[in-house]
Amino acid sequence: MGKIKFVDLKYQYQILQVRINKAIQKVLNHGQYIQGSEVFELEVKLATYSGTKYCVSCSSGTDALLMSLMAQGIGPGNAVFTTPFTFIATAEVIQLLGATPIFVDIVDETFNIDSSKLEIAIDKCQSNAELIPKAIIPVDIFGLPANYEMIEKIGKKFNLCIIEDAAQSFGGKIKNKKACSFGDIGTTSFFPSKPLGGYGDGGAIFTNDSGIAEKLISIRNHGQGKSKYNNILMGLNGRLDTIQAAILLEKMKIYPEELGQRIAIAKKYTNNLDQYFTCQHVPDGYESAWSQFSILALNSKERSICMKKLKDSGIPTAIYYPKPLHLQEAFCNLDYALGDFPVSESISQQIFSLPMHPYLTDDNINNICEILISCKELVE
Ligand SMILES: Cc1ncc(COP(=O)(O)O)c(C=O)c1O
């Protein structure tokens, strides 16, 4: 049996090598490295795939969030509600613009933001009157869309913009509606290890609002107006490279098949492990893009035993996320403390992620699950 990788980008490249090399060579030949035709071709394909009117590609999933907040004019004195159980980028961009992240705990089954707690937090912020609530950034954690039925109702009730952080969930869905299409704006990441990853940084923003799309196009190009040296907004250099777009166009062709393989692998993991570990719950009608397959051990001691036993057999694992954001030094200015978000805190002590990529074999999965189940017997 070959070595099991956490994410196997090399194997995927072997499959696509001829096509990707040709696509890169084409860009090298035409020489439009910035905003070449591949960028706009990709945007049309991405918008069609996710069922939105507009897609604005950009330099990373982080910049996709930053640019979305900029397009909404969010800054000092504004509150943006999000989850503490996510990658730092989600909340980092809020604080970068001088706005205030307000964290809301997650649901212990889906690991996504708890909509009932969200409503309470917005109400509290409104009555406090120090900050003006402006936006919600729900995260589709590990690929599973958040509860948009509830979140969109809350957004409407309080007149807040919803920015879906779909960095991990491109291809996920609720019924027939795809990730990136929820709320007012959806953002995703093409970081190499993401379900749809490039060979470098990249991201995209999705919306049905032509005004927002227009602003985003300007922001990603230094706030450019109608001509090159006419600047109408504060912007940044947020463009996606043409070479990355060319690579992503090739990867898009096999993405539906790869996503199907991820879903099948997650099902096999769940069937094998469900009686021994808590697996992420996928509500009826939801489909995850399975950027990660994460399970909960009973506690951090059991988690260490499992991770060590897998490591001893050459099987890599990772912890997403060992420390919720409200306890990170970068956010110490917000004065949160241990105990503020008990669900996120306890899950961060129990969770770990198993290898997940479309090229895992049944033997790989059975091997991983057998080792994990044997750990359970050890602990008991
Ligand atoms: C939830 C989430 N948001 C945002 C990002 C940022 O994406 P990027 O690394 O492309 O900037 C990531 C990347 O890991 C992420 O997982």
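Being a predicted model, the structure only gives us computed values, none of them experimental. (Residues numbered from 1 in each chain as written. Predicted model: local features only at pLDDT ≥ 70, side-chain atom pairs only at ≥ 80, totals over all residues. Heavy atoms only, no water.)

## A look at the overall build of the chain
Part 1 of the reasoning: Helices and strands together make up the secondary structure of the chain, namely 11 helices and 13 strands.
Part 2 of the reasoning: On C-alpha atoms alone, the chain measures out to a radius of gyration of 21 Å, which is about the 21 Å that the 2.2 N^0.38 rule sets for 380 residues.
Part 3 of the reasoning: When the backbone C-alpha atoms are referred to their principal axes, the chain occupies close to 65 × 60 × 35 Å.
Part 4 of the reasoning: When burial is assessed residue by residue, the chain has 55% of its 380 residues classed as buried.
Part 5 of the reasoning: By element, 52% of the accessible surface of the chain is carried by carbon and sulfur atoms, the whole surface being about 16800 Å².
Part 6 of the reasoning: Of the side-chain charges in the chain, 36 are positive and 40 negative, and the distance between the mean point of each set is 6 Å. (Helix = DSSP H or I, 4+ residues; strand = E, 2+ residues; numbered from the N terminus. Rg over C-alpha atoms; globule rule 2.2 N^0.38 Å. Buried < 20%, exposed > 50% of the residue type's maximum accessible area, 1.4 Å probe, protein only. Areas by Shrake-Rupley, 256 points an atom, 1.4 Å probe, with all protein chains shown as cover. Lys, Arg positive; Asp, Glu negative; His and termini not counted. Charge placed at Lys NZ, Arg CZ, Asp CG, Glu CD.)

## A short note on unusual backbone geometry
Glycine aside, residues mostly have negative phi, and peptide bonds are mostly found in the trans state.
Part 1 of the reasoning: Omega for the peptide link from Tyr320 to Tyr321 comes to 5°, which places this bond in the cis form.
Part 2 of the reasoning: Examined against the element boundaries, Tyr321 turns out to sit in the loop between helix 9 (300-312) and helix 10 (342-350).
Part 3 of the reasoning: Located in the positive-phi region is Ala129, a residue other than glycine, with phi close to 65°.
Part 4 of the reasoning: Relative to the helices and strands, Ala129 resides in the loop between helix 5 (115-128) and strand 4 (132-137).

## Things to note about the environment of Gly172
Part 1 of the reasoning: If you trace the backbone, Gly172 turns up in the loop between strand 5 (161-165) and strand 6 (173-174).
Part 2 of the reasoning: Note on Gly172: relative accessible area 0%, which makes it buried.
Part 3 of the reasoning: Separated by 118 residues in sequence, Gly172 and Trp290 place their C-alpha atoms 8.0 Å apart.
Part 4 of the reasoning: Aside from chain neighbours lying at most four places away, what touches Gly172 is Gly143, Pro145, Lys177, Lys178, Ala179, Glu287, Ser288 and Ala289. (Contact = heavy atoms within 4.5 Å.)

## Details of the site of the ligand
Part 1 of the reasoning: The local shell around the ligand holds 15 residues, among which Gly61, Thr62, Asp165, Ser189 and Lys194 are the closest.
Part 2 of the reasoning: Ser189 places a side-chain nitrogen or oxygen 2.7 Å from an oxygen atom of the ligand.
Part 3 of the reasoning: One nitrogen or oxygen atom from the side chain of Lys194 is found 2.6 Å from an oxygen atom belonging to the ligand.
Part 4 of the reasoning: For the ligand, whose accessible area on its own is 390 Å², the fraction buried by protein is 92%.
Part 5 of the reasoning: Listed by contribution, the elements that provide at least two residues to the shell around the ligand are helix 3 (61-71) and helix 4 (89-96).
Part 6 of the reasoning: For the shell around the ligand, the element with the most residues is helix 3, which contributes three residues. (Near = heavy atom within 4 Å. Polar contact = N/O pair within 3.5 Å; in protein donor to acceptor, adjacent residues only side chain to side chain.)

## Notes on helix 2 (residues 37-50)
Part 1 of the reasoning: In this model, helix 2 (14 residues) spans 20 Å end to end at C-alpha, consistent with the 20 Å of a helix rising 1.5 Å per residue.
Part 2 of the reasoning: Those residues of helix 2 lying buried are Glu38, Val39, Leu42, Glu43, Leu46, Ala47, Tyr49 and Ser50. When helix 2 is viewed along its axis, its buried side chains cluster within an angular range of 165° and face the same direction. Structural note: helix 2 exposes Val44 and Thr48 on the side pointing more than 90 degrees away from its buried face.
Part 3 of the reasoning: Count one or two residues on from helix 2 and you reach Gly51, which has phi positive near 75°. (Expected span 1.5 Å × (residues − 1). Arc of directions from axis to C-beta.)

## Some details on the nonpolar core
Part 1 of the reasoning: In this structure, Leu46, Tyr269, Leu273, Phe293, Leu354 and Leu372 are the most contacted members of the largest nonpolar core, which totals 48 residues.
Part 2 of the reasoning: Secondary-structure elements contributing two or more residues to this core are helix 2, strand 9 (203-207), helix 8 (242-273), strand 12 (293-296), helix 9, strand 13 (351-354) and helix 11 (362-379).
Part 3 of the reasoning: When residues in this core are grouped by element, the largest group, 11 residues, is from helix 8.
Part 4 of the reasoning: Cys58, Val80, Val93 and Ile205 belong to the second-largest nonpolar core, a separate cluster that totals 24 residues. (Core = buried A, V, L, I, M, F, W, Y, C linked by side-chain atoms within 4.5 Å.)

These results come straight from atomic positions and should not be treated as a statement about function.
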